[in-house]
Amino acid sequence: MADLDKQKIVKSVPQRGFFGHPKGLFTLFFTEFWERFSYYGMRAILVYYMYYEVSQGGLGMDESTALAIMSIYGSLVYMSGIIGGWLADRIFGASNAVFYGGIFIMLGHIALAIPGSISLFFISMVLIVLGTGLLKPNVSSVVGELYSEDDERRDAGFSIFYMGINLGGFIAPLVVGTIGMDYNFHLGFSIAAVGMFLGLIIFIYTKKKNLGLAGTLIASPLSPAERKKVFLTVGIGAVLLAVVVAITIPLGLLTFNSFITVVGILGILIPTLYFIVMFRSPRTTSVERSRLIAYIPMFIAAIMFWAIQEQGSTILANYADKRTQLDFAGLHISPAWFQSLNPLFIIILAPMFAWLWMKLGKRQPTIPRKFALGLLFAGLSFLVILLPAYFGGEHSLVNPLWLVLSYLIVVLGELCLSPVGLSATTKLAPAAFSAQTMSLWFLSNAAAQAINAQIVRFYSPANEMAYFGVIGGAAILLGILLFAFSSKIQGYMKGIK
């Protein structure tokens with residue numbers, strides 16, 4: 001029996017056991033919880049580790065360079081998902097990809113926990129980029145395999161799964177951030193490594209009982225001849241890349257700035273090429289091609305949304321450190337704690353949104369309109385954060401409640417767009433590209449952060465009103481356009497709602 005036929009059988013019998021959802025959601029919920037704990041814990045202190053002086057335990061990088069590297073790091077983390085999705089679809093399946101990815105992530109955090117070396121910093125980046133590319137898209141893809149296409153629990157299930165992501169993201173900055181900022185950066189990174197280890201333990205010991213065949217089926221396995229050709233191509237490519245790097249760095253051609261430019265180009269080029277490959281593939285049906293066309297404007301909207309949301313770990317992290325009054329109401333606030341606001345609000349509001357979509361049923365907004373709402377809220381969150389400079393000037397310390405309000409508003413947009421985007425991706429994906437299409441969804445985040453790496457260097461307290469105003473206004477305009485064309489987009493989705 002073909003793998004895709006087996007997959008249909010796996011989905012045909014509804015399962016219950018975790019808040020009325022399949023038991024496998026428990027395994028994936030807590031695997032992702034600990035993976036996000038490790039990632040967001042590391043991310044909460046990484047930008048400060050880069051630009052704090054060596055005497056403060058940091059690497060002493062230039063501040064604008066550190067912000068750009070942070071965006072590039074995030075871009076590469078999500079860009080690598082395309083490799084993880086391809087490996088899952090063609091070689092070893094999504095479940096194995098999740099396991100191997102967790103190993104790489106844990107090793108990356110261990111490398112960061114070893115003090116005193118810029119080389120280990122970059123080694124850790126490579127390990128975490130590869131590991132997240134294997135784990136992140138594939139764990140979400142397995143969630144999709146737990147439900148049939150017409151199972152009305154699907155959107156609610158992704159919302160519960162998304163809450164697990166954010167439980168880890170909420171706790172991590174409070175624990176890792178406090179220890180990393182108040183005691184030692186490297187001790188904080190070691191706690192992040194322990195978090196990923198716990199996630200691996202949960203996944204290993206519960207997957208057989210809870211997941212069954214979900215994640216084990218290979219959608220489009222390579223033939224022996226194809227496998228040999230792929231390994232040869234990858235080997236030659238790796239050698240050529242090493243030669244290019246070895247030549248260009250001594251000549252001064254490969255610098256931080258040129259690398260940032262290259263990643264920026266790749267962030268747009270790779271998803272574009274991927275859409276073309278899937279659209280032209282003989283394995284994609286005419287109905288699936290129509291659904292891909294519908295997916296394009298929503299993908300563009302997601303790029304705009306993530307371009308704003310992801311600046312929470314760059315521009316707004318710097319804003320919290322340099323522009324915010326950190327002694328407030330008798331409490332000294334660590335700038336890393338602000339990274340907990342986004343997941344905290346999602347934890348509070350995600351069940352409400354899940355309930356709302358279930359309550360509305362067929363009367364809920366269409367997928368394109370939910371995306372439009374997400375963009376409108378994202379734009380408004382940036383318009384809010386420009387107001388303190390308007391009222392108090394660029395040199396005054398800002399009341400932290402302005403940052404709290406900005407994070408709250410963007411979370412409203414995130415709950416309209418992100419879990420819905422995960423669910424829509426599994427629905428609109430061509431059958432032969434299921435895991436790879438989930439990787440394509442995460443490329444929207446990669447493209448956004450690649451763009452951010454170019455624009456964060458233009459931010460300064462002197463021009464922050466223009467910076468926040470232009471980006472926020474562009475998001476609102478795009479949201480209005482998406483809402484206006486939502487009915488047309490819905491028609492191309494061929495019955496997917």
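Residues numbered from 1 in each chain as written. Predicted model: local features only at pLDDT ≥ 70, side-chain atom pairs only at ≥ 80, totals over all residues. Heavy atoms only, no water.

Quick look at the overall build of the chain now. In terms of regular secondary structure, the chain is built from 18 helices and two strands. For the chain, whose C-alpha radius of gyration is 22 Å, the value lies close to the compact-globule estimate of 23 Å for 497 residues. When the backbone C-alpha atoms are referred to their principal axes, the chain occupies close to 65 × 55 × 40 Å. For the chain, buried positions account for 55% of its 497 residues. Once local pairs closer than 6 in sequence are excluded, the contacts in the chain between residues at least 24 apart make up 83%. On the chain, roughly 20,600 Å² of surface is accessible, and the fraction owed to carbon and sulfur atoms is 71%. Positive and negative side-chain charges of the chain, numbering 33 and 23 respectively, have mean locations separated by a distance of 12 Å. (Helix = DSSP H or I, 4+ residues; strand = E, 2+ residues; numbered from the N terminus. Rg over C-alpha atoms; globule rule 2.2 N^0.38 Å. Buried < 20%, exposed > 50% of the residue type's maximum accessible area, 1.4 Å probe, protein only. Contact = heavy atoms within 4.5 Å. Areas by Shrake-Rupley, 256 points an atom, 1.4 Å probe, with all protein chains shown as cover. Lys, Arg positive; Asp, Glu negative; His and termini not counted. Charge placed at Lys NZ, Arg CZ, Asp CG, Glu CD.)

What follows covers helix α12 (residues 341-360). Along its 20 residues, α12 runs 28 Å from first to last C-alpha, staying within 8% of the 28 Å computed at 1.5 Å per residue. Residue Leu349 marks the point of greatest curvature in α12, where the axis turns by about 40°; the proline Pro351 follows within four residues. When we look at burial in α12, the residues that qualify are Leu341, Asn342, Pro343, Phe345, Ile346, Ile347, Leu349, Ala350, Phe353, Ala354 and Trp357. Within two residues after α12, Gly361 carries a phi angle of roughly 55°, on the positive side. (Expected span 1.5 Å × (residues − 1). Bend = angle between axes of the 7 residues up to and from the residue.)

Our focus in this paragraph is the packing of helix α13 (residues 367-385) against helix α17 (residues 464-484). The interhelical angle for the contact between α13 and α17, taken along N-to-C directions, is 160°, at an axis separation of 7 Å. The angle between α13 and α17 falls in the class roughly antiparallel. As α13 packs across α17, the resulting crossing turns out to be left-handed. A class-by-class count of the residues in the contact of α13 with α17 yields 18 nonpolar, five polar and one charged. (Axes fitted to C-alpha atoms, helices over the stretch in contact; angles between N-to-C directions. Parallel < 35°, antiparallel > 145°, perpendicular 65-115°, else oblique. Left-handed = near helix turned anticlockwise from the far one by under 90°. Nonpolar A, V, L, I, M, F, W, Y, C, P; charged D, E, K, R; others polar.)

Before going further, it helps to examine the confidence of the model for the chain. Chain-level pLDDT for the chain is 84 on average; 94% of the residues reach the 70-or-more range. Per-residue pLDDT stays below 50 along residues 1-13; that stretch engages in 16 contacts with residues further than four places along the chain or on separate chains. (pLDDT = per-residue confidence, 0-100.)

The tally for this structure, following the rule as stated, stands at 28 aromatic pairs. Between Phe30 and Phe33, the aromatic rings sit 6.4 Å apart at their centres with planes inclined by 65°, giving edge-to-face as the arrangement. Taken together, the positions of Phe30 and Phe33, both in helix α2 (residues 24-51) and three residues apart, correspond to about one turn of that helix. Residue class for Phe30 comes out partly exposed when judged on its relative accessible area of 25%. Aromatic pair Phe92 and Tyr100: ring centres 5.2 Å apart, planes at 80°, arrangement edge-to-face. An aromatic cluster is defined as three or more aromatic residues linked by ring pairs; in this entry it consists of Tyr48, Tyr49, Tyr51, Tyr52, Phe121, Phe122, Phe185 and Phe189. One Lys or Arg, Lys370, reaches over the ring of Trp357 and ends 3.9 Å from the middle of that ring. (Phe/Tyr/Trp six-rings, centres within 6.5 Å; stacked < 30°, edge-to-face > 60°. Lys NZ or Arg CZ within 6 Å of the ring centre and 35° of its normal.)

What follows is about the side chain of Ser381. Examined against the element boundaries, Ser381 turns out to sit in helix α13. Judged by its relative accessible area of 2%, Ser381 falls in the buried class. Of the polar contacts made by the side chain of Ser381, one reaches the backbone oxygen of Ala378; its length is 2.6 Å. Apart from the residues within four sequence positions on either side, Ser381 is in contact with Ile308, Ser406, Ile409 and Val410. (Polar contact = N/O pair within 3.5 Å; in protein donor to acceptor, adjacent residues only side chain to side chain.)

Ranked by internal contacts, the top residues of the largest apolar core, which has 142 residues, are Leu46, Phe371, Trp441 and Phe468. Considering every element that reaches this core, the biggest residue donor is α2, with 17 residues. Setting aside chain neighbours within four positions, we find Phe468 in contact with Ile315, Leu316, Tyr319, Phe382, Leu383, Ile385, Leu386 and Tyr459. (Core = buried A, V, L, I, M, F, W, Y, C linked by side-chain atoms within 4.5 Å.)

Turning our eyes to something else, we now look at the pattern of salt bridges. Taken as a whole, this structure holds six salt bridges when the rule is applied. The partner of Glu32 in a salt bridge is Lys136, and the shortest N-O contact between them spans 2.8 Å. One end of the pair, Glu32, is in helix α2; the other, Lys136, is in helix α5 (residues 118-145), with 104 residues separating them in the sequence. A residue is classified by how much of its surface remains accessible, and Lys136, at 6% relative accessible area, is buried. A salt bridge links Arg90 to Glu226; the nearest nitrogen and oxygen atoms lie 3.6 Å apart. Here Glu226 lies in helix α8 (residues 224-248) and Arg90 lies in helix α4 (residues 81-113), a separation of 136 residues in the sequence. (Salt bridge = Lys/Arg side-chain N within 4 Å of Asp/Glu carboxyl O.)

A cluster of nonpolar side chains, namely Tyr100, Phe104, Leu107, Ile110, Ile114, Val126 and Leu130, defines an oily patch on the protein surface of about 570 Å² accessible area. Those elements that place two or more of their residues in the nonpolar patch are α4 and α5. Looking at the nonpolar patch, the element that brings in the most residues is α4, giving four residues. A relative accessible area of 34% means that Tyr100 is categorised as partly exposed. (Patch = residues over 30% accessible without salt bridge, like charges linked within 9 Å, V, L, I, M, F, W, Y side chains within 5 Å.)

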